[in-house]
Amino acid sequence: MPVGPFGLDPLVWAPLRLVIAVALALFLVLNGALLQIYLERKIQAIIQDRLGPYHVGPFGLLQTFADAIKLIAKEDVRARATDGWFFVAAPALVFCPMLASWLVLPFAKDIVGADLNIGLLYLVTLGSMTVLGIVIAGWASNNKYALVGGLRSAGQLISYEIPQILALVSVALVVGSLSMIDITRSQPGPLVNVLVLPFSFLIYFIAALAETNRTPFDLPEAESELVAGWLTEYSGMRWGTMLALSEYGNVTVVSSIVTTLWFGGWQGPGVDALPLLGVLWFTLKVYGVIVVMMWIRATLPRLRIDQLMSFCWLGLIPMALLNILVVAVLALAFPDTKIPIAIASWLLVLAFIAGVPFVQRRRLALLRARASASAVRAAS
Amino acid sequence: MTVPLSFYVAVSAGLFFIGCAGVLTRRNAVVILMCVELMLNAANLALVAFSRRFGAVDERGSVFVIFVFVIAAAEVAVGLAIVLSAYRNRPVIDVDEIHQMKG
Amino acid sequence: MGFDFVEPVIFAVLAVGVIGAGAAVVLLNRITASALLMALSFLCMAGMFVLLGAETIAAFQVLIYVGAITVLIIFGVQFTKQGGDRSYALFFQKQYPIAAALVAAVAIPVVLFAFSFNAPAPQPGGGDIRPLATSVFTDFAFAFEVASVLLLAAMVGAIVLTQRDERVEAARRRR
């Protein structure tokens with residue numbers, strides 16, 4: 001009779017393992033959210049030349065803890081006109097896909113929940129399930145602002161899924177596998193994929209900022225727009241789950257994807273000797289990406305919904321398609337080497353950065369022409 | 001003890017006929033679209049069940065399922081577009097009332 | 001011994017989910033509830049695909065059906081005012097007995113017939129994405145191209161159908 005680890009009966013170990021895995025993931029999500037809320041406030045404060053939280057605990061480290069206690073202790077307000085089951089179920093619909101996507105994140109050489117051979121596809125699938133929760137939240141609140149905010153957010157999310165998936169596909173093209181461990185292994189040492197596919201990284205990073213509702217794409221949830229949008233009616237721990245935990249959990253998942261695909265995942269000096277060191281490198285890289293996202297939040301202004309949508313459909317998607325075309329053709333033409341792909345990708349990045357002023361100038365000229373035409377029409 | 005194939009086919013048949021009953025009896029256009037989706041899903045289940053049980057290396061059933069996904073998505077998009085544009089003309093969603101072309 | 005009971009139990013739960021949610025879609029009065037239960041039916045269906053060993057198809061099922069089609073349907077529900085179903089009763093309509101008789105007459109024999117399929121023992125392996133992708137892009141490449149043209153046509157068609165005609169709108173506003 002087979003004996004599981006710690007001498008346990010396998011019949012007991014299998015459900016126990018499931019419970020431990022979920023508890024561990026929840027633990028990571030909760031602590032990650034706590035840490036990230038604190039980091040966000042501190043980083044924004046430093047960039048905006050002020051202090052940030054410093055009262056509660058040394059350097060204000062316990063501030064988020066205090067906020068969490070306040071949220072849990074808050075009264076659970078539920079307006080009578082909200083739609084019963086849906087109002088209660090929406091936070092779960094937003095939170096659960098995010099929790100489930102922690103399954104395939106590779107923390108170190110042997111530390112991964114499950115090495116699915118469709119790992120990337122699984123992550124993409126779970127990302128698309130969040131949209132449903134947001135639409136239901138907007139609908140169930142029985143509030144015009146929430147409804148419009150929910151629909152706007154859903155539109156933004158499903159639009160930006162497309163460049164996200166296309167960028168991931170280009171990486172899968174080069175690596176030849178969808179498994180997260182294979183992708184990490186395909187980046188030997190310092191030759192990380194960002195040197196080979198920087199354009200995909202750029203596209204995915206921008207699309208991921210929009211997918212997680214971070215500035216400059218945070219119109220649906222910003223407090224100065226639409227009365228906080230689709231979560232207007234949510235307060236206390238419901239808001240805490242939907243906003244803080246889900247959003248920061250999503251940010252962590254997206255940063256983990258970026259780290260695994262473009263920055264070598266758990267690799268770093270010393271991992272061959274001590275595999276557990278991989279967890280440290282992975283966490284450092286993930287938080288590096290997160291700090292960059294927070295830096296962007298503190299620096300850039302917000303996009304309007306029509307600017308957001310036209311940037312996606314008229315800007316990112318053509319670029320993502322061009323990227324896939326170039327990568328696929330070069331991968332087929334030069335199957336053994338990655339250098340042509342790297343050269344082409346860097347050229348595309350340079351073209352993008354150099355081309356932005358041209359596009360902006362042309363659009364400004366168009367707007368000016370339209371404005372003067374309507375002024376002439378109004379005057380005559 | 002694995003589940004025998006016939007159970008999967010029975011579930012598929014049951015779901016198909018539930019969808020069928022929905023299409024025949026409901027009057028709301030969007031609900032009819034939903035029931036059509038149920039029917040397509042039932043077909044997918046039957047395809048995958050046969051493909052996986054009658055030969056693990058014969059992927060043709062699963063490939064067909066992918067094409068059915070594509071067609072279902074396209075059909076829902078165009079169906080909803082038709083419903084919305086008909087709704088814009090006359091704001092009714094009841095298919096019994098949309099009979100301008102009759103007679 | 002051991003874990004043998006797990007698969008039939010999970011299948012039973014998923015089957016109840018699929019059929020129950022499907023029945024609820026047909027029978028419930030509230031459309032948003034119908035839409036969400038349809039999503040539940042799709043999720044249980046994805047579970048069944050996993051049980052059959054086709055994980056890639058399960059992932060695609062969730063991605064396309066739950067992630068996209070359900071959202072489309074909910075958008076459709078919210079852009080149309082759903083008062084219409086209340087003017088008639090849901091049950092005891094003229095066509096119900098006929099429809100029920102027809103469906104039952106066809107359904108019951110078919111379901112009973114479905115129970116008679118026998119398959120050899122399932123072989124392990126397969127269901128990978130690599131053989132699937134190889135099939136789609138080599139054996140069925142033409143069908144793949146046709147499917148992409150179909151999607152393009154559907155996209156363009158949906159946009160064209162729902163575009164507001166400016167002259168009609170201006171005329172309506174002037175009226």
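Above this text sits the structure in question.
Computed from a prediction, not measured in an experiment: that's the story for all the values here.

Q: Is there a simple way to explain the overall build of chain C in this structure?
A: Within chain C, the secondary structure is distributed over 7 helices and 0 strands. Traced from its N-terminal end to its C-terminal end, chain C shows the element sequence α-α-α-α-α-α-α. Burial status across chain C gives 37% buried among its 175 residues. Within chain C, residue pairs in contact and separated by at least 24 positions form 57% of the contacts whose partners lie at least 6 positions apart. Taken as a whole, chain C presents about 9900 Å² of accessible surface, with 72% of it coming from carbon and sulfur.

Q: Looking at this structure, how should I read the interface of chain A and chain C?
A: Many analyses report the size of an interface as the accessible area lost when the parts associate. At the interface, 23 residues of chain A touch 26 residues of chain C. Of the roughly 2200 Å² buried at the junction of chain A and chain C (both faces included), carbon and sulfur atoms supply 79%. The tally of links between chain A and chain C comes to 0 salt bridges. If you look at where chain A meets chain C, you find 2 residue pairs in polar contact (both at pLDDT 80 or more). The set of elements that each furnish at least two residues to the side of chain A that touches chain C consists of helix 1 (10–47), helix 4 (119–140) and helix 5 (144–175) of chain A. Here the element with the most residues in the side of chain A that touches chain C is helix 4 of chain A; it accounts for 10 residues. Residues belonging to the side of chain A that touches chain C are distributed by class as follows: 17 nonpolar, 5 polar and 1 charged.

Q: Just to check I follow, could you spell out the packing of helix 2 (residues 29–53) of chain B against helix 3 (residues 60–89) of chain B for this structure?
A: When two helices pack together, their arrangement is given by the angle between their axes and by how far apart the axes lie. All names here are of chain B. At a minimum axis distance of 9 Å, the contact between helix 2 and helix 3 shows a crossing angle of 175 degrees. Between helix 2 and helix 3, the interaxial angle falls into the category roughly antiparallel. On helix 3, the residues touching Ala29, Val30, Leu33, Val36, Glu37, Leu40, Asn44, Leu47, Val48 and Ser51 of helix 2 are Gly61, Ser62, Phe64, Val65, Val68, Phe69, Ala72, Glu75, Val76, Gly79, Leu80 and Val83. Among the residues making up the contact of helix 2 with helix 3, the classes are represented as 15 nonpolar, 5 polar and 2 charged.

Q: It is not clear to me how the packing of helix 3 of chain B against helix 6 (residues 141–162) of chain C should be interpreted in this structure. Could you clarify?
A: Between helix 3 of chain B and helix 6 of chain C, the shortest axis-to-axis distance is 9 Å and the interhelical angle comes to 15 degrees. Considering their axes alone, helix 3 of chain B and helix 6 of chain C lie roughly parallel with respect to each other. Regarding helix 3 of chain B and helix 6 of chain C, the two cross each other, and that crossing is left-handed. When helix 3 of chain B is examined against helix 6 of chain C, the residues B:Phe67, B:Val70, B:Ile71, B:Ala74, B:Ala77, B:Val78, B:Ala81, B:Ile82, B:Leu84, B:Ser85 and B:Arg88 are found in contact with a partner set consisting of C:Ala143, C:Phe144, C:Ala147, C:Leu150, C:Leu151, C:Ala154, C:Ala158, C:Leu161 and C:Thr162. Grouping the constituent residues of the contact of helix 3 of chain B with helix 6 of chain C by class yields 17 nonpolar, 2 polar and 1 charged.

Q: What is the right way to look at the nonpolar core in this model?
A: Across soluble globular proteins, nonpolar side chains show a tendency to be buried alongside one another. Counting 82 residues, the largest nonpolar core has B:Tyr8, B:Met34, B:Leu45, C:Met48, C:Ile57 and C:Ile73 as its most contacted members. Excluding its chain neighbours within four sequence positions, the residues that come into contact with B:Leu45 are B:Tyr8, B:Val11, B:Ser12, C:Met45, C:Met48, C:Phe49 and C:Leu52. A:Val29, A:Leu121, A:Phe201 and A:Val258 belong to the second-largest nonpolar core, a separate cluster that totals 81 residues.

The rules behind these values
For every chain, the first residue of the written sequence is number 1, and numbering continues from 1 onward in sequence order. Both sets of labels track the order of writing: A upward for chains, 1 upward for ligands. Predicted model: local features are reported for residues with pLDDT of at least 70 only, side-chain atom pairs are reported and counted for 80 or more only, and whole-chain, interface and lining totals are derived from all residues. Calculated side-chain values reflect all of the structure's heavy atoms, with hydrogen atoms and water omitted. Only runs of H or I of at least four residues qualify as helices and only runs of E of at least two qualify as strands under DSSP, and these elements are numbered from the N terminus. Here's how the labels work: a residue is buried when its accessible area is under 20% of the maximum for its type, exposed when over 50%, partly exposed in between, all with a 1.4 Å probe on protein chains only. The contact criterion used throughout is that any non-hydrogen atoms of two residues lie within 4.5 Å. Computed with a 1.4 Å probe, the accessible areas rest on the Shrake-Rupley method; for each residue, only the protein chains presented here act as cover. Buried area is understood as the total, over both parts, of accessible area removed when two parts are fitted together, assessed with a 1.4 Å probe. One speaks of a salt bridge when a side-chain nitrogen belonging to Lys or Arg is within 4 Å of a carboxyl oxygen belonging to Asp or Glu. We call two N or O atoms a polar contact when they sit within 3.5 Å, provided that within protein one can donate a hydrogen and the other can accept it, with sequence-adjacent residues counted only if both atoms are side-chain atoms. Asp, Glu, Lys and Arg are counted as charged, while Ala, Val, Leu, Ile, Met, Phe, Trp, Tyr, Cys and Pro are counted as nonpolar; the rest, among them Gly, fall into the polar class. Structural elements are reduced to axes, namely lines fitted to C-alpha atoms, with helices fitted over the stretch in contact, and the angle between N-to-C directions of any two is expressed from 0 to 180 degrees. Any angle between 65 and 115 degrees counts as roughly perpendicular, while under 35 counts as roughly parallel, over 145 as roughly antiparallel, and the rest as oblique. When the near helix sits turned anticlockwise from the far one by under a right angle, the crossing is termed left-handed; a clockwise turn instead gives a right-handed crossing. We define the nonpolar core as a collection of buried residues of types Ala, Val, Leu, Ile, Met, Phe, Trp, Tyr and Cys that are connected through side-chain atoms lying within 4.5 Å of one another.

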